[in-house]
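Next come the chains, spelled out residue by residue.
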Amino acid sequence: MHANSRPVTSSQTEAHAHLPHLIARHLASPYLKPVMPYNRAAFDLFAQQWRSAGEPPLILDAGCGVGLSTYHLAAQSPDSFVVGVDQSADRIDRKTQWPGPPPPNALLLRAELADFWRLLGDAGIPLSRHYLLYPNPWPKIGHLGRRWHGHPAFPAAVALGGVIECRSNWPVYVEEFALALRQLGVTDVIVEPFAPVTPITPFEIKYLASGHPLWRCHAQIRANVIAGIKQ
Ligand SMILES: C[S@@+](CC[C@H](N)C(=O)[O-])C[C@H]1O[C@@H](n2cnc3c(N)ncnc32)[C@H](O)[C@@H]1O
């Protein structure tokens, strides 16, 4: 299925030279854009469900699309609560494509991530795992600020802690993600080729079927890093 996806092409072949400057700027000045009411409403719904479940370890599937990965992560981790967040109401509503009944520990939410990350942080709710699976690569050289690690909310996302993992079919994205984590003080950042036996997202399925090599970056975010970002 979908075996005709083209690999990412870009005139950018290595990490963007401006990334360190951009991260330093974002660290120095917190992202202050007001939170949109619909994101606060989505967050309140999440918080109520997570608290009713007894506040189990929390996994965030950030940019979950149709939520297939949310489904799989929840099925694999019955003792955790998995929240899949995507800004596209259309994609979120397609959870009808889930291969089985909704796991009781999964919730899909339409929300914008920069707001959702900050609301989690403001409420003091930490993550146990944080997935950013196949984000839009924004491969044009001028689009650095649109990649997640170039976004002003990225430090707030990292300050949620846990094990963070980003997957992509564009190695430059994953390399930049790793550089950004290291600049924020994260150590033991692993970047590696990735060949999943069982793909868990539609993009992962499509890229594997098209023969694309895949990469991932993952790291454990420790308390000293969180404290450093929040200073
Ligand atoms: C390339 S798709 C990947 C979807 C899914 N993770 C997968 O692997 O199949 C990227 C997703 O990120 C979502 N997204 C992009 N920017 C977002 C934002 N600011 N807040 C929430 N979701 C966002 C898009 O709506 C889209 O569904």
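Our structure's up above, just so we're on the same page.
Since we're looking at a predicted model, the values are computed, not measured.

(A) Fine view of the pattern of salt bridges. Tallying each qualifying case throughout the model produces seven salt bridges. A salt bridge links Arg51 to Glu55, with the shortest nitrogen-to-oxygen separation between them at 3.5 Å. Arg216 is the salt-bridge partner of Glu192, the closest N and O atoms lying 2.8 Å from each other. On the criterion of sequence distance, the pair formed by Glu192 in strand S6 (residues 190-194) and Arg216 in strand S7 (residues 214-221) is long-range, its members being 24 residues apart.

(B) Region of interest: the side chain of Glu165. Here Glu165 shows up in strand S5 (residues 162-168). Looking at Glu165, the relative accessible area reads 7%, which means it is buried. Sequence-distant contacts of Glu165, that is, excluding residues within four places in its chain, are made with His130, Tyr131, Leu132, Arg216, Cys217 and His218.

(C) Highlighting the site of the ligand. Residues in contact with the ligand amount to 16 residues; listed here are only the nearest, Gly63, Asp86, Arg91, Glu112 and Thr201. One of the side-chain nitrogen or oxygen atoms of Thr201 is found 2.7 Å away from an oxygen atom of the ligand. When the free accessible area of the ligand is taken as 600 Å², the share hidden by the protein chains comes to 87%. In terms of residue class, the shell around the ligand is built from eight nonpolar, five polar and three charged.

(D) Examining the environment of Ala111 more closely. Mapped onto the elements of the fold, Ala111 is located in the loop between strand S3 (106-110) and helix H5 (113-122). Sequence separation of Ala111 and Gly63 is 48 residues, and the distance between their C-alpha atoms is 9.4 Å. Leave out the neighbours within four places in its chain, and Ala111 touches Tyr38, Asn39, Ala42, Val85, Asp86, Gln87 and Phe116.

(E) Layout of the pairing of strand S4 (residues 129-133). Across the five residues that make up S4, a large majority, four, are buried. Alignment of strand S1 (residues 58-62) against S4, held across four bridges, turns out to be parallel. Within the sheet, the bridge partner assigned to Asp61 lies in S4 and is Tyr131. Of the pairings in the sheet, the one linking S4 to S5 comprises five bridges and is parallel in character. Bridge pairing links His130 to Ile164 in S5.

(F) Spatial organisation of the packing of aromatic side chains. Per the counting criterion, the structure on display carries 10 aromatic pairs. Here Phe46 and Trp50 contribute two aromatic rings whose centre-to-centre distance is 6.1 Å and whose plane-to-plane angle is 20°, an arrangement assigned as stacked. One end of the pair is Phe46 and the other is Trp50, both in helix H2 (residues 37-52) and four residues apart, which spans about a single turn. Neither residue differs from the other here; Phe46 and Trp50 are each classed as buried. Chaining the aromatic ring pairs together yields one cluster made of Phe43, Phe46, Trp50, Phe81 and Phe116. Here Arg146 stacks its cationic end above the ring of Trp138, 4.7 Å away from the centre of that ring.

Rules used in this analysis
- Residues numbered from 1 in each chain as written.
- Predicted model: local features only at pLDDT ≥ 70, side-chain atom pairs only at ≥ 80, totals over all residues.
- Heavy atoms only, no water.
- Salt bridge = Lys/Arg side-chain N within 4 Å of Asp/Glu carboxyl O.
- Helix = DSSP H or I, 4+ residues; strand = E, 2+ residues; numbered from the N terminus.
- Buried < 20%, exposed > 50% of the residue type's maximum accessible area, 1.4 Å probe, protein only.
- Contact = heavy atoms within 4.5 Å.
- Near = heavy atom within 4 Å.
- Polar contact = N/O pair within 3.5 Å; in protein donor to acceptor, adjacent residues only side chain to side chain.
- Areas by Shrake-Rupley, 256 points an atom, 1.4 Å probe, with all protein chains shown as cover.
- Nonpolar A, V, L, I, M, F, W, Y, C, P; charged D, E, K, R; others polar.
- Pairing = 2+ DSSP bridges.
- Phe/Tyr/Trp six-rings, centres within 6.5 Å; stacked < 30°, edge-to-face > 60°.
- Lys NZ or Arg CZ within 6 Å of the ring centre and 35° of its normal.

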